[in-house]
Amino acid sequence: EDALTAVSMAFPWQNIVIAIAVGFGVGINALLSRALGQKNAERVNQVAVNGLLLAGLSYLLVLVAGLIGIRAYMRTQTDIETIVNYGITYLNICILCSFGVFVEITFERFLQATGRTVYSMITQLTGAITNIILDPILIFGLLGFPKLGIAGAAWATVIGQCVGAVVAVMLNHFRNPEVHLRLRHIRPNGRLMGEITAISIPSIIMSCISSLTCFVMNMILIAYSSTAVAVFGVYFKLQSFIFMPVFGLNNGMVPIISYNYGARKPERVKKTIRLSITAAICLMLIGLALFELIPGTLLTLFNATDHMRQIGIPAFRIIAIHFLFAGFCIVSGSVFQAIGNPLHALINSVCRQLVVLLPAAWLLAQTGKLEMVWFCFPIAEIFSFTLSAIFLRKTLQTAHARMLADDAD
């Protein structure tokens, strides 16, 4: 349970690394798709090269920050020495070798933007399956390998990312003729990097805000017990099985919307949004049913103690209420980014997590009842749903007017 708590506390920092990689991937994806829609092959390659350079610079930034701040970060959350040491061990390995995740995600976006989502899926599956296979081997010392414990979990993670990166690079080289990466093309373009960054920054900030939310929630929950933090960490791992398909749906939706927006086809843009929202809501309803009906079974996957089940079962059922609204909010945020209006997504994320969720969690914690704290999630999601609906209507009206104006020109 201490190791599980340490990984839960390490998650916000680890999530920031992924957030930076995915955030720049969003900018790369949107600009690549737009250039493809405009039939501008030269710009396609310029976007790809400068996106790759940004990924490299991001890794160096993450590495320096990690080497300086990991120990202080863990001690901010707890003074339990075992948990602190576990977290430092885990994060040191994940940060040092995070170049794998930057390369993997960047080259995945090249594949997604050109419509080769099957190859992108192969890349992610290869990395994930490698991780799954290596986890028990390296954690418990199977098949003659040394027993590495939490360090084994970290090594399994980064090796999986590096394997995925190699596969992504190879698939782009051999199966993606729209994107040509050559050494002679590697010329930094400040203006283009700025365009990618302008689209990417809101996505990065939103994910970093999510990390901050997890960090503060851990600090609120540790006041009750380390088991409450472990339950929160388990919830985040399990919710990924529900949310990741929706994010995958978004990855397919963004280039389609960007392409048709660039090609001035408003009806295809609207149809894509409608289908995406419908599919996202259906996926979230499946997740809601699982968390409401079999929370105990889900906790059993993590060898939960009786005390952990006592905390986790009501927590899962309360938190899962927000699934009803989350699908619409996730798709709406990606629509804002695809059409080039990421500020709405940023405002929504900031309001949801910093203005509503964290204050609600703190106020509910003053009751002294742990079960009340979990209600901050549905409260925040209802607020986000309302704001998303308002922004989505405004964004679509503005986009439609722009496309009509372009046609008139």
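Heads up: the structure comes first, above all this text.
Counting restarts for each chain: residues are numbered from 1 in the order of the written sequence. Selection of residues for local features in this predicted model requires a pLDDT of at least 70, selection of side-chain atom pairs for listing and counting requires 80 or more, and totals for whole chains, interfaces and linings are taken over all residues. Heavy atoms throughout the structure, all of them, feed into the side-chain values; hydrogens and water do not.

### Overview of a nonpolar patch on the surface
Here comes step 1: Without a salt bridge and with relative accessible area above 30%, a residue can belong to a patch; like charges are then joined within 9 Å and nonpolar side chains (Val, Leu, Ile, Met, Phe, Trp, Tyr) within 5 Å. Residue-level accessible areas treat just the shown protein chains as cover; the underlying method is Shrake-Rupley with a 1.4 Å probe. The working definition used for a salt bridge is a side-chain nitrogen of Lys or Arg within 4 Å of a carboxyl oxygen of Asp or Glu. Residues Ile281, Leu285, Ile321, Leu324, Met372, Phe375 and Ile379 make up a contiguous nonpolar surface patch of roughly 530 Å² in combined accessible area.
Here comes step 2: Along the polypeptide, Leu285 turns up in helix H9 (residues 266-293). Each helix is a run of H or I in the DSSP string that is no shorter than four residues. Each strand is a run of E no shorter than two, and both are numbered from the N terminus.

### Considerations on the packing of helix H7 (residues 190-222) against helix H8 (residues 226-262)
Here comes step 1: The angle between two axes is taken between their N-to-C directions and runs from 0 to 180 degrees, where each axis is a line fitted to C-alpha atoms and a helix contributes only its stretch in contact. Running from amino to carboxyl end, H7 crosses H8 at an angle of 145 degrees, the nearest separation of the two axes being 7 Å. Of the two possible hands of crossing, H7 and H8 adopt the one that is right-handed. Contacts between H7 and H8 involve Cys214, Met217, Asn218, Leu221 and Ile222 on the former and, on the latter, Ser226, Ala228, Val229, Phe232 and Phe236.
Here comes step 2: Residues are grouped as follows: Ala, Val, Leu, Ile, Met, Phe, Trp, Tyr, Cys and Pro are nonpolar; Asp, Glu, Lys and Arg are charged; every other residue, Gly included, is polar. Each residue belonging to the contact of H7 with H8 can be placed in one class, and the counts come to 8 nonpolar, 2 polar and no charged. In this scheme the crossing of two helices becomes right-handed for a clockwise turn of the near helix relative to the far one and left-handed for an anticlockwise turn of less than a right angle. It only takes one pair of heavy atoms within 4.5 Å for two residues to be counted as in contact.

### Notes on the packing of helix H1 (residues 2-37) against H8
Here comes step 1: For the pair H1 and H8, interaxial distance at closest approach is 12 Å and the crossing angle is 5 degrees. One element, H1, and the other, H8, form an angle in the roughly parallel class. Across from Leu4, Thr5, Val7, Ser8, Met9, Phe11, Asn29, Ala30, Ser33, Arg34, Leu36 and Gly37 in H1, the residues of H8 making contact are Ser226, Val229, Ala230, Gly233, Val234, Phe236, Lys237, Asn251, Pro255, Ser258 and Tyr259.
Here comes step 2: A breakdown of the residues in the contact of H1 with H8 according to their chemical character gives 12 nonpolar, 9 polar and 2 charged. Each angle receives one of four descriptions, namely roughly parallel if under 35 degrees, roughly antiparallel if over 145, roughly perpendicular if within 65 to 115, and oblique otherwise.

### Here's the deal with the environment of Ala361
Here comes step 1: Position of Ala361 relative to the elements: it lies in helix H13 (residues 342-365).
Here comes step 2: Note on classification: 1.4 Å probe, protein chains only; a residue is buried when its accessible area is under 20% of the maximum for its type, exposed when over 50%, partly exposed between these limits. On the basis of relative accessibility, which here comes to 0%, the residue Ala361 falls in the buried class.
Here comes step 3: Separated by 18 residues in the primary sequence, Ala361 and Ile379 have C-alpha atoms spaced 9.8 Å apart.
Here comes step 4: Sequence-distant contacts of Ala361, that is, excluding residues within four places in its chain, are made with Met217, Ile220, Val373 and Cys376.

### A closer look at the packing of aromatic side chains
Here comes step 1: Pairing of aromatic side chains here covers Phe, Tyr and the six-membered ring of Trp, requires ring centres within 6.5 Å, and sorts the geometry by plane angle: under 30 degrees stacked, over 60 edge-to-face, intermediate tilted. Under the criterion given, the structure shown has 20 aromatic pairs.
Here comes step 2: With centroids separated by 6.4 Å and ring planes inclined at 70 degrees, the aromatic side chains of Tyr59 and Phe102 adopt a geometry described as edge-to-face. Placement of Tyr59 in helix H2 (residues 41-77) and of Phe102 in helix H4 (residues 99-113) is noted, with a sequence separation of 43 residues between them. The two residues Tyr59 and Phe102 agree in class, both being buried.
Here comes step 3: Relative to Phe247, the ring of Phe243 lies with its centre 6.3 Å away and its plane at 50 degrees, an arrangement referred to as tilted. Of this pair, Phe243 and Phe247 both sit in helix H8, 4 residues apart, which is roughly one turn of that helix.
Here comes step 4: Residue Phe243 is classed as buried on the basis of its relative accessible area, which comes to 9%.

### Quick look at the nonpolar core
Here comes step 1: Formed by 123 residues in total, the largest nonpolar core has its most connected members in Phe102, Met217, Leu221, Phe291, Phe316, Phe323 and Trp374.
Here comes step 2: By residue number, the principal contributor to this core is H1, which donates 17 residues.
Here comes step 3: Beyond its immediate stretch of four places on either side in the chain, Phe316 contacts Val231, Val234, Tyr235, Leu238, Phe291, Pro295, Leu298 and Leu299. Joining through side-chain atoms within 4.5 Å is the link that ties buried Ala, Val, Leu, Ile, Met, Phe, Trp, Tyr and Cys residues into a set, and such a set is a nonpolar core.

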